[in-house]
Amino acid sequence: MKKFAMAALGGTLAGIVATTYVAAPLLAQESNEASVYEQLDLFGDIFERIRAQYVEEVDETELIEAAIGGMLQSLDPHSSYLSPDDADKMRVQTRGEFGGLGIEVTQADGFVKVVSPMDGTPAYEAGIEAGDFITHVDGESLLGLGLDEAVELMRGPVGSEIIITVVREGEDEPFDVSIIRDTIKLTAVRGRTEGSSVVVRVTTFNEQTTPNLEANLEEQIEELGGMDNVNGIVLDLRNNPGGLLTQAISVADSFLESGEIVSTRGRQAADGERFNATPGDLIDGKPIVVLINGGSASASEIVAGALQDHRRAIVVGTKSFGKGSVQTVMPLRGDGAMRLTTARYYTPSGRSIQALGVSPDIVVAQPRNRPEAEEEEPASSAFGPRSEADLRGRLNNDSLSEDEVRQIEADREKAEKAAELREEDYQMAYAIDILKGLSALGPKQ
């Protein structure tokens, strides 16, 4: 009987404990829901007060959109509400043509910060640089405005003038820049040759990027007389603000035969995804140098990180921007949309670049433009001969044929042309020198 009583008592105690553990979360959930409904009632009260008592009549639709926008902007700098007009503009932008200044921006320290100017756009031509802060538009301060509100101030009719006030590191005072708004037609990829190297400049990741990349590579390789004459490619991702995740994966896949390209991890474990490379390399394993800088963000960092982790490329330049999150655009009723951060992405080695960026294998800073120095007087005229060839009565070189001499002079001319590139684009010249070095150490064809 005692044993039965003890067992019954134990069962009773267990029931009490179980009830405590189950009831507490339920009570907390009910309390939270009640609090949410109270806050929604508060929102309704404030909305009605504004409609009835604000000093001027207000547009109710704009009020609600502003409230939604504020809620999303409180999450992170990349989540936002898109009105029907903005959603339509975004869809057009992913196709590669839109109106504006041609800058990718984010918000930092209460001001608008330039992630990067886009090649060939009004902002690029006006000298706007990655890292610039825009503090005023046409004399109106941007301090305290949301990012969407600040961007709206910079929009306007094509052909109209805008004056933005810029604060730049290294400059003592803010300065004004006048820009004429224009229709932005992005060329996603541009290609050219430098000696035996192919240079591919990727400016953005939109629906045109992969097809343009393939076409440019084919054209430049053909210009050099085939893959056997190519010593490698420079993939220039500097000042590339990113774009479509699918295109970043596709571009990285263009140079990888297998392995993970990127993984995404959301709030729930089941939301995670992995994206792997498929067989096929557009350049048959030739060396790659990837150029990045502080204006390389998002999709650019996915490509650079994947090629770096797989040891498929040497990454050169300066630390990238560090945007390691994925935004999903969700259609809403009324033709609007919501851009919501839904995941973080990770490179093949499992590292997140959020707020850290991709660190280059070789750090090479781009020298700032400086006034041209006075032209130095040739050494031969100022301090005597520059080389043996300038000496009077020198011996001639009789070990080489005329054709061999001409070849040496042609090689010297190429080297001098490469030296000129260092004055125009030091980082690019450095990248091409790396390819030349790899080619020189490689096996004879």
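Residues numbered from 1 in each chain as written. Predicted model: local features only at pLDDT ≥ 70, side-chain atom pairs only at ≥ 80, totals over all residues. Heavy atoms only, no water.

You'll find the chain entered in an unreviewed UniProt entry as Carboxyl-terminal processing protease, with Tritonibacter scottomollicae given as the organism.

Scanning the chain from terminus to terminus reveals 11 helices and 19 strands. Going through the 445 residues of the chain one by one, you find that 35% of them count as buried. Considering only contacts in the chain between residues 6 or more positions apart, those separated by 24 or more positions represent 67%. With the model as given, the accessible surface of the chain reaches about 26,700 Å², and the carbon-plus-sulfur share is 51%. (Helix = DSSP H or I, 4+ residues; strand = E, 2+ residues; numbered from the N terminus. Buried < 20%, exposed > 50% of the residue type's maximum accessible area, 1.4 Å probe, protein only. Contact = heavy atoms within 4.5 Å. Areas by Shrake-Rupley, 256 points an atom, 1.4 Å probe, with all protein chains shown as cover.)

Of the strand pairs in this sheet, strand β13 (residues 260-266) and strand β14 (residues 273-276) are connected by 4 bridges, and their pairing is antiparallel. Counted as the bridge partner of serine 263 is arginine 274 from β14. Between the antiparallel neighbours β13 and β14 lie 6 residues. (Pairing = 2+ DSSP bridges.)

Let us now look at the packing of aromatic side chains. Considering all chains together, one arrives at 2 aromatic pairs under this definition. Between phenylalanine 43 and phenylalanine 47, the ring centres sit 6.4 Å apart and the planes meet at 15 degrees, which makes this aromatic pair stacked. In this pair, phenylalanine 43 and phenylalanine 47 are both assigned in helix α1 (residues 2-53), 4 residues apart and thus about one turn of the helix distant. An angle of 55 degrees between the planes, with centres 6.3 Å apart, marks the rings of tyrosine 426 and tyrosine 430 as tilted. Taken together, the positions of tyrosine 426 and tyrosine 430, both in helix α11 (residues 426-441) and 4 residues apart, correspond to about one turn of that helix. One residue, arginine 265, lies across the ring of tyrosine 346, its end atom 3.8 Å from the ring centre. (Phe/Tyr/Trp six-rings, centres within 6.5 Å; stacked < 30°, edge-to-face > 60°. Lys NZ or Arg CZ within 6 Å of the ring centre and 35° of its normal.)

Attention now moves to the sheet that holds strand β19 (residues 362-363). Pairing within the open sheet is mixed, and its 6 strands lie in the order β10-β11-β12-β15-β16-β19. Whereas interior strands pair on both sides, the edge strands pair on one side only; in this sheet they are β10 (189-194) and β19. With 2 bridges joining them, strand β16 (residues 314-317) and β19 adopt parallel strand pairing. Counted as the bridge partner of valine 316 is isoleucine 362 from β19. Packing of helix α6 (residues 209-223) onto the sheet brings it into contact with β10, β11 (197-202) and β12 (232-236), and relative to β10 it is tilted by some 20 degrees. (Axes fitted to C-alpha atoms, helices over the stretch in contact; angles between N-to-C directions.)

At aspartate 284, a position not held by glycine, the phi torsion is positive, near 55 degrees. Mapped onto the elements, aspartate 284 comes out in the loop between β14 and β15 (288-292). What makes aspartate 284 exposed here is its relative accessible area of 62%. Unusually for a residue other than glycine, aspartate 335 sits at a positive phi of about 75 degrees. Within the element layout of this structure, aspartate 335 appears in the loop between β17 (325-331) and β18 (337-346). In this structure aspartate 335 comes out as exposed when scored by relative accessible area, which is 58%.

With that out of the way, let us pick up a nonpolar patch on the surface. Residues Val36, Tyr37 and Leu40 make up a contiguous nonpolar surface patch of roughly 330 Å² in combined accessible area. Secondary-structure assignment places valine 36 in helix α1. (Patch = residues over 30% accessible without salt bridge, like charges linked within 9 Å, V, L, I, M, F, W, Y side chains within 5 Å. Salt bridge = Lys/Arg side-chain N within 4 Å of Asp/Glu carboxyl O.)

This part covers the side chain of asparagine 206. Inspection of the secondary structure assignment puts asparagine 206 in the loop between β11 and α6. Separated by 2.8 Å, the side chain of asparagine 206 and the backbone nitrogen of glutamine 208 make a polar contact. (Polar contact = N/O pair within 3.5 Å; in protein donor to acceptor, adjacent residues only side chain to side chain.)

Think of it this way: side chains of opposite charge can pair up when their charged atoms draw near. Per the stated rule, a full pass over the model turns up 14 salt bridges. Salt-bridge contacts for arginine 168 lead to glutamate 129; the nearest nitrogen and oxygen are separated by 3.6 Å. On the criterion of sequence distance, the pair formed by arginine 168 in the loop between β7 (161-167) and β8 (175-180) and glutamate 129 in the loop between α4 (122-125) and β5 (133-137) is long-range, its members being 39 residues apart. Relative accessible area serves as the criterion here: at 12%, arginine 168 is assigned to the buried category. Here arginine 238 makes a salt bridge to aspartate 236, at a shortest N to O gap of 2.9 Å. Exposure class is identical for arginine 238 and aspartate 236. Each is buried. Look at the salt bridges and you will find they share partners, linking Asp119, Arg190, Arg201, Asp236, Arg238 and Asp425 into a network.

With their axes 9 Å apart at the nearest point, α6 and helix α7 (residues 245-253) run at an angle of 25 degrees to one another. In terms of axis orientation, α6 runs roughly parallel to α7. For the pair formed by α6 and α7, the contact residues are Thr209, Thr210 and Leu213 on the first element and Gln247, Ser250 and Val251 on the second. Here the contact of α6 with α7 is built from residues that sort into 2 nonpolar, 4 polar and no charged. (Parallel < 35°, antiparallel > 145°, perpendicular 65-115°, else oblique. Nonpolar A, V, L, I, M, F, W, Y, C, P; charged D, E, K, R; others polar.)

Attention now goes to the confidence of the model for the chain. For the chain, mean pLDDT is 84; residues scoring 70 or higher make up 81% of the total. Contacts from residues 1-22, a stretch scored under 50 in pLDDT, to residues over four places away or in other chains number 0 contacts. Between residues 371-383, whose pLDDT stays under 50, and residues either more than four places distant or in other chains, the model counts 6 contacts. (pLDDT = per-residue confidence, 0-100.)

With respect to the secondary-structure elements, leucine 356 resides in the loop between β18 and β19. Measuring from C-alpha to C-alpha, the distance between leucine 356 and phenylalanine 321 comes to 7.6 Å, with 35 residues separating the pair along the chain. Residues within four places of leucine 356 in sequence aside, it is in contact with Lys319 and Gly322.

This paragraph deals with helix α8 (residues 299-309). Within α8, 10 of the 11 residues are buried, which leaves it mostly tucked inside the rest of the structure. Within α8, the full set of buried residues consists of Ala299, Ser300, Glu301, Ile302, Val303, Ala304, Gly305, Ala306, Leu307 and Gln308. Downstream of α8 by one or two residues, arginine 311 has phi in the positive range, about 55 degrees.

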